[in-house]
Amino acid sequence: QVQLVESGGGLVQAGGSLRLSCAASGRTFSTYTMGWFRQAPGKEREFVAGISWSGGKTYYADSVKGRFTISRDNAKNTVYLQMNSLKPEDTAVYYCRATLHITPMEVYVHGYWGQGTQVTVSS
């Protein structure tokens, strides 16, 4: 089992940057595919970015390609999401998830979720 705690959210102006962190407990963090998802009010949870267990493969939603970067540090049991050039439409609660599924994009597969961190981008 893995427990996840996100941090780094906040209020930022459009064009600004934030770095989210997701700290994991457990000795098996390096075996999990990690992903970041977000959910805006009244909308379904959607995939944002994902990274393979080794960090060798990364995946991005089209809406964030070129602006967001996912990375992980298995020695620190932490995954990061660097968000640049933020837009008001990026406003959402951001969640990280650990899964043993090979690819990270699918929302409805078994995994462990954090409690979320709010990101608000003002125009």
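This text follows the structure it describes.
Residues numbered from 1 in each chain as written. Predicted model: local features only at pLDDT ≥ 70, side-chain atom pairs only at ≥ 80, totals over all residues. Heavy atoms only, no water.

**What to know about the overall build of the protein**
Spelled out, the test is: A run of H or I in DSSP becomes a helix once it reaches four residues, and a run of E becomes a strand once it reaches two; helices and strands are each numbered from the N terminus. Radius of gyration here is computed from C-alpha atoms only, and the compact-globule reference equals 2.2 Å multiplied by the residue count raised to the power 0.38. Remark: exposure states derive from per-residue accessible area (1.4 Å probe, protein chains only) relative to the maximum for the residue type, with buried under 20%, exposed over 50%, and partly exposed in between. In this analysis, two residues are considered to be in contact whenever any of their non-hydrogen atoms come within 4.5 Å of each other. In short, Shrake-Rupley with a 1.4 Å probe defines the accessible areas, and a residue's cover is counted only from the protein chains shown. The charge count treats Lys and Arg as positive and Asp and Glu as negative. His and the chain ends do not count. The atom standing in for a charge is NZ when the residue is Lys, CZ when it is Arg, CG when it is Asp and CD when it is Glu.
The number of helices and strands found in the protein is 0 helices and 11 strands. In sequence order, the protein lays out its α and β elements as β-β-β-β-β-β-β-β-β-β-β. Against the compact-globule benchmark of 14 Å for 123 residues, the protein has a radius of gyration of 13 Å, which places it among compact chains. Of all 123 residues assigned to the protein, the portion counted as buried reaches 45%. Considering only contacts within the protein whose residues lie at least 6 apart along the sequence, 57% involve residues at least 24 apart. Surface accessibility of the protein: about 6400 Å² in total, with carbon and sulfur atoms responsible for 51%. The average position of the 12 basic charges and that of the 8 acidic charges among the side chains of the protein differ by 6 Å.

**Points about the pattern of salt bridges**
To keep things clear, this is the line we draw: Here, a salt bridge means any side-chain nitrogen of Lys or Arg that lies within 4 Å of a carboxyl oxygen of Asp or Glu.
Inspection of every chain in the model, using the stated rule, returns 4 salt bridges. Across the salt bridge formed by R38 and E46, the nearest N and O atoms sit 2.7 Å from each other. Overall, R38 belongs to the buried group, its relative accessible area being 6%. In this structure, R38 and D90 form a salt bridge, with 2.9 Å as the shortest nitrogen-oxygen distance. Note that R38 is positioned in strand β4 (residues 33–39) and D90 in the loop between β8 (78–83) and β9 (92–99), a separation of 52 residues in sequence. Note on accessibility: R38 and D90 belong to one class, buried. Connected through shared salt-bridge partners, R38, E46, R67 and D90 make up one network.

**Focus: the nonpolar core**
One recurring pattern in soluble globular proteins: nonpolar side chains tend to sit buried together. Put simply, the rule is: Residues enter a nonpolar core if they are buried and are Ala, Val, Leu, Ile, Met, Phe, Trp, Tyr or Cys, with the set joined through side-chain atoms within 4.5 Å.
One finds M34, W36, L81, M83 and Y94 to be the most contacted residues of the largest nonpolar core, which totals 33 residues. Only β3 (18–24), β4, β5 (46–51), β7 (68–73), β8, β9 and β11 (117–122) provide two or more residues apiece to this core. Apart from the residues within four sequence positions on either side, L81 is in contact with L18, R19, L20, W36, V48, A49, F68, T69, I70 and Y94.

**Looking at the sheet that holds β7**
Rule in force here: Here, any two strands with at least 2 DSSP bridges between them count as paired. In this analysis an axis means a line fitted to C-alpha atoms, helices contributing only their contacting stretch, and an angle means the value between N-to-C directions, from 0 to 180 degrees.
An order of β1-β3-β8-β7 is seen for the 4 strands of this open sheet, with the pairing classed as antiparallel. Each edge of the open sheet carries a strand with a single partner, namely β1 (4–7) and β7. Taken pair by pair, the neighbouring strands of this sheet meet at an average axis angle of 15 degrees, ignoring direction. Summarising the sheet, β3 and β8 pair through 6 bridges and their orientation is antiparallel. When the sheet's bridge partners are listed, R19 is paired in β8 with Q82.

**A closer look at the pairing of β8**
Working note: regular strand, side chains alternate between the two faces of the sheet. Counting buried positions along β8 yields 5 of 6 residues, so the element is predominantly enclosed. Where β7 lies against β8, 6 bridges are found, and the strand directions are antiparallel. Note that in β8 the partner of F68 across the bridge is M83. As consecutive antiparallel partners, β7 and β8 are separated by 4 residues, and within that stretch N77 has a phi angle of approximately 55 degrees, a positive value.

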